[in-house]
Amino acid sequence: MQHETINFEIQSTEDYCGGAAPPEELINELRTLKPYTGKIYVHNTTDRTDEGVSLDVLEGKASASGFVEGTYHLFLYKKYVMTASESNKESISPFNTPECQKDKSLKSVGTFEVALDTKTISKQIHVMCDPCMETRP
C-alpha cells in the first residue's frame, strides 16, 4: 500500500573540504547539526537499480509520496550512468574517473524505514568531501 505523503526532516553535519588547516570555530560549526538544504536521492535498493525519488530539501524540510513499506537508502549524488564517450576517453584527473563517480554515487548516507503508519522521517546525515575531487593544498 502506498503512503499519501511523508514529511522529511533532515539535519546535517559536514566535513571541511578546504585546503590549509581551518580555524577551530569553523570545525565546530561544521560539526554542529543544521537543517540540510540540497538534493537527496532516495532508493529502496543499495545498488540504485530502482527508479528512486529525488527530494529537494529546503531548510531541512521536504515531502514526497508514493512510498511503500520497506527500507530506503539516502544518497547525496545523482545516480551515475557511464556514457559511451566516458568509457572511451582517458581521465584528465586520477581522481575524477568513471569508477570514482560510480563509487561515489553508491555511497549511502543513511537509511530509514517506512511502516504503514509513517508520516514523518527525521534523519541526520553527514556530508563528506567529494572523493572524486583532488584535495586542496
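Up top is the structure these notes are about.
(A) Structural context of unusual backbone geometry. The residue Arg48 is not glycine, and still its phi comes out positive at about 60°. You can see Arg48 is positioned in the loop between strand E3 (38–43) and strand E4 (53–57). Judged by relative accessible area, which is 0%, Arg48 ranks as buried. Positive phi, close to 50°, is recorded for Glu59, a residue that is not glycine. Mapped onto the fold, Glu59 is located in the loop between E4 and strand E5 (61–64).

(B) Main features of the packing of aromatic side chains. Under the counting rule described, the total for this entry stands at 5 aromatic pairs. With centroids separated by 5.0 Å and ring planes inclined at 85°, the aromatic side chains of Phe67 and Tyr72 adopt a geometry described as edge-to-face. A residue is classified by how much of its surface remains accessible, and Tyr72, at 6% relative accessible area, is buried. Its end group placed over the ring of Phe75, Arg48 keeps NZ or CZ at 4.4 Å from the ring centre.

(C) Up close: the pattern of salt bridges. A full pass over the atoms with the stated rule returns 2 salt bridges. In this structure, Lys39 engages Asp56 in a salt bridge whose closest nitrogen and oxygen atoms are separated by 2.5 Å. A residue pair is termed long-range when its members are at least 10 positions apart, and Lys39 in strand E3 and Asp56 in strand E4 qualify at 17 residues. Residue Lys39 is classed as partly exposed on the basis of its relative accessible area of 36%. A salt bridge links Asp130 to Lys104; the shortest N-O distance between them is 3.0 Å. Linking Asp130 in the segment after strand E8 (120–127) with Lys104 in helix H3 (residues 98–105), this pair joins segments that are 26 residues apart in sequence. Residue Asp130 is classed as partly exposed on the basis of its relative accessible area of 23%. When its relative accessible area of 9% is taken as the criterion, Lys104 is described as buried.

(D) Molecular detail of the state of the cysteines. All told, the structure shown has 2 disulfides when counted by the stated rule. Between the sulfur atoms of Cys17 and its disulfide mate Cys129 the distance is 2.0 Å. Judged by the sign of its S-S torsion, about -105°, the cystine formed by Cys17 and Cys129 is left-handed. You can see Cys17 sitting in the loop between strand E1 (6–14) and helix H1 (24–31) and its partner Cys129 sitting in the segment after E8, a full 112 residues away along the chain. When its relative accessible area of 33% is taken as the criterion, Cys17 is described as partly exposed. The disulfide bridge from Cys100 ends at Cys132, spanning 2.1 Å between sulfur atoms. The disulfide joining Cys100 to Cys132 has a torsion of about -105° about its S-S bond and is therefore left-handed. One end of the pair, Cys100, is in helix H3; the other, Cys132, is in the segment after E8, with 32 residues separating them in the sequence. Of the two residues examined, Cys100 and Cys132, each falls in the buried class. Each disulfide in the chain links cysteines that, numbered along the sequence, combine into the pattern 1-3, 2-4.

Cut-offs applied
- Residues numbered from 1 in each chain as written.
- Predicted model: local features only at pLDDT ≥ 70, side-chain atom pairs only at ≥ 80, totals over all residues.
- Heavy atoms only, no water.
- Helix = DSSP H or I, 4+ residues; strand = E, 2+ residues; numbered from the N terminus.
- Buried < 20%, exposed > 50% of the residue type's maximum accessible area, 1.4 Å probe, protein only.
- Phe/Tyr/Trp six-rings, centres within 6.5 Å; stacked < 30°, edge-to-face > 60°.
- Lys NZ or Arg CZ within 6 Å of the ring centre and 35° of its normal.
- Salt bridge = Lys/Arg side-chain N within 4 Å of Asp/Glu carboxyl O.
- Disulfide = S-S within 2.5 Å.

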